[in-house]
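# Structural overview for review
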Amino acid sequence: RKLIVLDLNGTLVLRSAHQKRNPYVNPTQQRPLRTVHPRPYLSSFVSFVLHPDTKKWLDVMVWSSAQPHSVDDMVQKSFKERRKELKAVWARDTLGLSGDDYYQKTQTVKDLEKPPSLTLEEDKPRHSAKTTLLVDDSPLKAILQPWNHLCIPEYVQEMRRLDLAQRASGSNSASASAPSSASVSSNELVQEKPDVQLPESTSAVGNRRASDEPAPVEAPIQYDPTLLAVIGILDHLKHEENVASWMHSGGLLHAPTSASSSSSTPTLDHTNKQKLWFEHPTVLAYWASRGREALQQLELEVTSGVE
């Protein structure tokens, strides 16, 4: 079995900016809830990770550095009535912060040795570094176990603006450009099909279902495809014995880029400034295609949910 640990803000959803705090108000006073916008394909992602077939090999939990009342709100808007199917929901009060740090914006770290204790098998933790994956937009959050971290681009307001522009125009090009903070160009965000031909098993996505009946095909990806790519990566990891070893060996970048070449891309290296996996357009497109295929194998809809 595998365990996926999900961040919320910037990963699954985007929250509106904080209202400016009155300097004379007690800093421990609970701040108002912020508007929450789902990342594209969030509903499809939730349907996949909580599908009965997926739950046979995957445990799912949420771990956010936000305060509990904010986490409750984001989880409710992300998972709705399926929240009860999560193994756990952890918030800022689980990070071991001091009183002052708890109420201030400070760097936090998620120690992935803690979540495995949630599920026991014969009185021993079921999960370990071999089976645990943190999906988070912040590399610093996973500094203790970098090879158990699937870093994804932070979903920020500019990316949402681009998605809304795509929805309004109904085309694959928009006048807006993606933010530099996400290190992804607008072409990478809106383009699903790479410039090179992928193997038939992964490029012919959307043309069939498990039942061999014609499936309704959504238009080529116009929106941020990150969560589709995460689905594709998870679907692959269910067959890997050691998550950390696969990540360390550069498994993310070994996605085939042509029918005749499967491992010519460089391996990931967290010690230098090499590109991250999602900064390679063909790699992002490959995993997004795998994600679409995984959804269709379970007869789940590929729904962007941008509104």
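Now for a quick tour of the structure. Small disclaimer: the values here were computed from a predicted structure and weren't measured.

### A few points about the pairing of strand S8 (residues 132-136)
Counting buried positions along S8 yields five of five residues, so the element is predominantly enclosed. With burial as the criterion, each face of S8 is covered, one bearing Thr 132, Leu 134 and Asp 136 and the other bearing Leu 133 and Val 135. Here four bridges tie strand S1 (residues 2-6) to S8, and the two strands are oriented parallel to one another. Looking at the pairing, Leu 3 lines up with Thr 132 of S8. Relative to strand S9 (residues 149-151), S8 runs parallel, the two sharing three bridges. The residue bridging Asp 136 from the neighbouring strand is Cys 151, located in S9.

### Focus: the side chain of Asp 7
With respect to the element layout, Asp 7 can be found in the loop between S1 and strand S2 (13-15). Since its relative accessible area comes to 4%, Asp 7 is described here as buried. Separated by 3.3 Å, the side chains of Asp 7 and Lys 110 make a polar contact. The contact partners of Asp 7, leaving out residues within four places of it in the chain, are Leu 12, Trp 63, Ser 64, Lys 110, Val 135, Asp 136 and Asp 137.

### Focus on the packing of helix H1 (residues 42-49) against helix H7 (residues 226-237)
Here H1 crosses H7 at 15 degrees, and the two axes come no closer than 9 Å. One finds that H1 runs roughly parallel with respect to H7. Classified by chirality, the crossing of H7 by H1 is left-handed. Where H1 abuts H7, its residues Leu 42, Ser 44, Phe 45, Phe 48 and Val 49 lie against Leu 227, Val 230, Ile 231, Leu 234 and Asp 235. Each residue belonging to the contact of H1 with H7 can be placed in one class, and the counts come to eight nonpolar, one polar and one charged.

### Considering the sheet that holds S9
Spatial ordering of the open sheet is given by S5-S4-S1-S8-S9, a layout of five strands whose pairing is parallel. A single partner strand is all that each edge strand has here, and the edge strands are strand S5 (88-90) and S9. The sheet shows a mean angle of 20 degrees between the axes of neighbouring strands, direction not considered. The pairing of S1 with strand S4 (residues 58-63) spans five bridges and is classified as parallel. Along S4, the bridge assignment pairs Ile 4 with Val 60. With respect to the sheet, H7 is in contact with S1, S8 and S9, its orientation differing from that of S8 by roughly 175 degrees.

### Side note on empty space enclosed by the protein
Enumeration according to the criterion identifies one cavity of 30 Å³ or more in this entry. The volume enclosed by the largest cavity comes to roughly 40 Å³. The wall of the largest cavity is formed by Lys 2, Leu 3, Ile 4, Trp 57, Leu 58, Thr 131, Leu 133, Leu 234, Leu 237 and Val 243. Elements supplying a minimum of two residues to the lining of the largest cavity: S1 and H7. Top contributing element to the lining of the largest cavity by residue count: S1, with three residues. For the lining of the largest cavity, a count of residues per class yields eight nonpolar, one polar and one charged.

### Points about the pairing of S1
Of all five residues in S1, five are buried, a share of seventy percent or more. Both faces of S1 are covered, namely the face carrying Lys 2, Ile 4 and Leu 6 and the face carrying Leu 3 and Val 5.

### A short note on the environment of Phe 45
As for its position among the elements, Phe 45 is in helix H1. For Phe 45, a relative accessible area of 1% gives the class buried. Each C-alpha atom of the pair Phe 45 and Ser 78 lies 10.0 Å from the other, and the pair is 33 residues apart in sequence. The residues touching Phe 45, leaving out its near neighbours within four places in the chain, are Ile 4, Leu 6, Leu 12, Leu 227, Val 230, Ile 231 and Leu 234.

The rules behind each value
Residues numbered from 1 in each chain as written. Predicted model: local features only at pLDDT ≥ 70, side-chain atom pairs only at ≥ 80, totals over all residues. Heavy atoms only, no water. Buried < 20%, exposed > 50% of the residue type's maximum accessible area, 1.4 Å probe, protein only. Helix = DSSP H or I, 4+ residues; strand = E, 2+ residues; numbered from the N terminus. Pairing = 2+ DSSP bridges. Polar contact = N/O pair within 3.5 Å; in protein donor to acceptor, adjacent residues only side chain to side chain. Contact = heavy atoms within 4.5 Å. Axes fitted to C-alpha atoms, helices over the stretch in contact; angles between N-to-C directions. Parallel < 35°, antiparallel > 145°, perpendicular 65-115°, else oblique. Left-handed = near helix turned anticlockwise from the far one by under 90°. Nonpolar A, V, L, I, M, F, W, Y, C, P; charged D, E, K, R; others polar. 1 Å grid on protein atoms, 1.4 Å probe; cavity = no way out; pocket = protein on both sides within 12 Å on 5 of 7 lines; lining within 4 Å. Points joined across faces, edges and corners; volume = space filled by probe spheres on them.

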